[in-house]
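Descriptive analysis of the structure
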Amino acid sequence: ATGTGITANRYADIRRCNLAIEGINASVTLSDSARKSLKGQFFFLRAYSYYKLVHLNGGVPLVLKAQTLEDESLQVPRSKTSVCIKAIADDLDSATAMLPASWPTTTEVNKITRAAALAMKGRTLLLWASPQFNINNDAQRWTDAYTACKAAYDLCVADGYILVSNYANVF
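Remember, it's a predicted structure, so these values are computed and weren't measured experimentally.

1. Focus on the overall build of the protein
When you go through the protein residue by residue, the secondary structure sums to 5 helices and 0 strands. For the protein, the sequential pattern of α-helices and β-strands runs α-α-α-α-α. For the C-alpha atoms alone, the extent of the protein along its principal axes is close to 55 × 50 × 35 Å. Every one of the 171 residues in the protein was classed for burial, and the buried ones make up 39%. Sequence-distant contacts, at least 24 apart, represent 57% of the contacts inside the protein between residues at least 6 apart. As displayed, the protein offers around 10,600 Å² of accessible surface, 59% of which is attributable to carbon and sulfur atoms. For the protein, the distance from the average position of its 18 positive side-chain charges to the average position of its 14 negative side-chain charges is 4 Å.

What follows is the structure in structure tokens.
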């Protein structure tokens, strides 16, 4: 691992997402449906990048707009973990609202769906409720995680995704 591949620098990935979201917002040529699905994908990718950072580090600097070298304050202070978790959940809610239940062509089959975004929100809230971040075992965090995971499961079922009935068949 040389550190030069994609995801080697999560903040570079986050900047790419921020640039894309801003570019999509500024575009006058994109259709509303293209704008919506592209933004949904970038909200998911930004949330996923922050999830990976928070999972390892706790609170991190939140940069939710593209910065340039001319920006007066490139030094963004570290945000509390709770603020980071909320930002991740908000991005995943936005992604869920913008992404389709499924993609129309087989070449798009691996793209993120609204069910995947909602499942990632459940996973994020499970991390927040886990002993890693929930030292006092706040029951509300577990309730929030359960609610998000149940909503993700229900959406998966509604969108035609099911669990494999026999775990051995997964392999």
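2. Side note on the packing of helix 2 (residues 32–57) against helix 3 (residues 81–98)
Where helix 2 meets helix 3, the axes come as close as 8 Å, and the angle between the chain directions of the two elements is 155 degrees. Classified by the angle between their axes, helix 2 and helix 3 sit roughly antiparallel to one another. Classified by chirality, the crossing of helix 3 by helix 2 is left-handed. Along the contact surface, helix 2 presents K36, S37, K39, G40, F43, F44, R46, A47, Y50, Y51 and V54, while helix 3 presents T81, C84, I85, I88, D91, L92, S94, A95, A97 and M98. Of the residues contributing to the contact of helix 2 with helix 3, the split by class is 13 nonpolar, 4 polar and 4 charged.

3. Some details on the pattern of salt bridges
Under the counting rule described, the total for this entry stands at 7 salt bridges. Across the salt bridge formed by K121 and D93, the nearest N and O atoms sit 2.9 Å from each other. Taken together, the residues K121 in helix 4 (residues 114–129) and D93 in helix 3 connect sequence positions 28 residues apart.

4. Side note on the side chain of T113
Structurally, T113 is set in the loop between helix 3 and helix 4. Judged by its relative accessible area of 10%, T113 is buried.

5. Quick word on the side chain of S27
Within the element layout of this structure, S27 appears in the loop between helix 1 (10–26) and helix 2. Judged by relative accessible area, S27 falls into the buried class, the value being 17%.

6. Observations regarding the packing of aromatic side chains
Within the structure shown, the criterion is met by 4 aromatic pairs. Relative to Y50, the ring of Y11 lies with its centre 6.2 Å away and its plane at 80 degrees, an arrangement referred to as edge-to-face. Pair noted here: Y11 is in helix 1 and Y50 is in helix 2, with a separation of 39 residues, a long-range link. Note on Y11: relative accessible area 29%, which makes it partly exposed. Overall, the relative accessible area of 3% leaves Y50 in the buried class. Summarising the aromatic geometry, the rings of W128 and F133 are spaced 6.2 Å apart at their centres and angled 35 degrees between planes, so their arrangement reads as tilted. F133 matches W128 in its accessibility class, with the two residues each being buried. Above the ring of W128, the side-chain terminus of R141 is found at 3.6 Å from the ring centroid.

7. Focus: unusual backbone geometry
In this structure, N137 takes a positive phi of about 55 degrees despite not being glycine. Here N137 is to be found in the loop between helix 4 and helix 5 (139–158).

Conventions adopted
- Residues numbered from 1 in each chain as written.
- Predicted model: local features only at pLDDT ≥ 70, side-chain atom pairs only at ≥ 80, totals over all residues.
- Heavy atoms only, no water.
- Helix = DSSP H or I, 4+ residues; strand = E, 2+ residues; numbered from the N terminus.
- Buried < 20%, exposed > 50% of the residue type's maximum accessible area, 1.4 Å probe, protein only.
- Contact = heavy atoms within 4.5 Å.
- Areas by Shrake-Rupley, 256 points an atom, 1.4 Å probe, with all protein chains shown as cover.
- Lys, Arg positive; Asp, Glu negative; His and termini not counted.
- Charge placed at Lys NZ, Arg CZ, Asp CG, Glu CD.
- Axes fitted to C-alpha atoms, helices over the stretch in contact; angles between N-to-C directions.
- Parallel < 35°, antiparallel > 145°, perpendicular 65-115°, else oblique.
- Left-handed = near helix turned anticlockwise from the far one by under 90°.
- Nonpolar A, V, L, I, M, F, W, Y, C, P; charged D, E, K, R; others polar.
- Salt bridge = Lys/Arg side-chain N within 4 Å of Asp/Glu carboxyl O.
- Phe/Tyr/Trp six-rings, centres within 6.5 Å; stacked < 30°, edge-to-face > 60°.
- Lys NZ or Arg CZ within 6 Å of the ring centre and 35° of its normal.

Remember that the coordinates give geometry; whether it matters functionally is a separate question.
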